[in-house]
Amino acid sequence: GSLSLAARLSESLSDNPSDWKWCVLAPHSALQSAMILVLAGSDGAGAYKAQSQERFRTWLEGKLEGTKYPDVRLAEFDRLYKWVKESDRAYGVPLKTTEQQDRLVHLLGARRDSLTHHEEVAWLMDIGELKACVLAALDLIEQLLAHPRMLTSIALDDAIRSKLCAKLIDRIRAGVRSQPG
């Protein structure tokens, strides 16, 4: 999904600068998805907001008889990012980041917000900054893909999934790095 789109678009950014929008949104989405998969846990609730975790687990235990699937909400991106770096929440294997990566991931989120909300400043973004943000996100996605708790796809076994993601990440890196700035 997200990585496939970014891989395809990153190869022609010079010809289509407006595609930077998708080359920012896609890695942000892929990073969020990877964090959710690591945090979900065996009951699937680990990436929900606190109230949603409680509601979901109560429903799972059958204490909400006669109710449909509960209304639950995922935790915000920044909270997921904080949690996935905590050993107890990340099942003993926290995401290891540098201060620079933390700064770039925060900036990636800010740039994503600007691009999705059509802020005028979005079209004045520094390409060098966007490159750094995207590359930092890709490094963290790779680290999360190697996490022991990463759930595998129903359609693909681990080896195929890992190779496919690695190839897509390499294509995105090559496309982004080839851009001036």
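This text goes with the structure placed above it.
Parameters at a glance
- Residues numbered from 1 in each chain as written.
- Predicted model: local features only at pLDDT ≥ 70, side-chain atom pairs only at ≥ 80, totals over all residues.
- Heavy atoms only, no water.
- Helix = DSSP H or I, 4+ residues; strand = E, 2+ residues; numbered from the N terminus.
- Expected span 1.5 Å × (residues − 1).
- Buried < 20%, exposed > 50% of the residue type's maximum accessible area, 1.4 Å probe, protein only.
- Polar contact = N/O pair within 3.5 Å; in protein donor to acceptor, adjacent residues only side chain to side chain.
- Phe/Tyr/Trp six-rings, centres within 6.5 Å; stacked < 30°, edge-to-face > 60°.
- Lys NZ or Arg CZ within 6 Å of the ring centre and 35° of its normal.
- Salt bridge = Lys/Arg side-chain N within 4 Å of Asp/Glu carboxyl O.

### Digging into helix H6 (residues 127-145)
Note that an α-helix has 3.6 residues per turn; residues three or four places apart therefore point the same way.
Here's step 1: With 19 residues, H6 should reach 27 Å at 1.5 Å per residue; the first-to-last C-alpha distance of 27 Å fits that figure.
Here's step 2: Within H6, the full set of buried residues consists of Leu130, Lys131, Cys133, Val134, Leu135, Ala136, Ala137, Leu138, Leu140, Ile141 and Leu144.
Here's step 3: Of the residues flanking the start of H6, the one acting as N-cap is aspartate 126, its side-chain oxygen 3.1 Å from the backbone nitrogen of glycine 128.

### Brief notes about the packing of aromatic side chains
Geometrically, a pair of aromatic rings is defined through the distance of the ring centres and the angle of the planes.
Here's step 1: The final tally for this structure, using the stated rule, is four aromatic pairs.
Here's step 2: Judged by centre distance (5.6 Å) and plane angle (40 degrees), the rings of phenylalanine 56 and tryptophan 59 are tilted. One end of the pair is phenylalanine 56 and the other is tryptophan 59, both in helix H3 (residues 50-60) and three residues apart, which spans about a single turn.
Here's step 3: Exposure remark for phenylalanine 56: the relative accessible area of 7% places this residue in the buried category.
Here's step 4: For tryptophan 59, a relative accessible area of 26% gives the class partly exposed.
Here's step 5: These aromatic residues form a ring-pair network of at least three members: Tyr48, Phe56, Trp59 and Tyr69.
Here's step 6: The cationic tip of arginine 89 hangs over the ring face of tryptophan 83; the distance from NZ or CZ to the ring centre is 3.9 Å.
Here's step 7: Over the face of the ring belonging to tyrosine 91 we find arginine 149, whose NZ or CZ atom lies 4.2 Å from the ring centre.

### Things to note about the pattern of salt bridges
Here's step 1: Summed over all chains, the structure comprises 13 salt bridges.
Here's step 2: One salt bridge in this structure joins arginine 171 and glutamate 11, with 2.8 Å as the shortest N-O distance. Pair noted here: arginine 171 is in helix H7 (residues 158-177) and glutamate 11 is in the loop between helix H1 (2-10) and helix H2 (20-39), with a separation of 160 residues, a long-range link.
Here's step 3: Measuring nitrogen to oxygen at the nearest pair gives 2.6 Å for the salt bridge that ties aspartate 113 to arginine 112.
Here's step 4: A relative accessible area of 27% means that arginine 112 is categorised as partly exposed.
Here's step 5: Here the residues in one salt-bridge network are Asp139, Glu142, Asp170 and Arg173, joined through shared partners.

Don't take any of this as a statement about function, it's just geometry.
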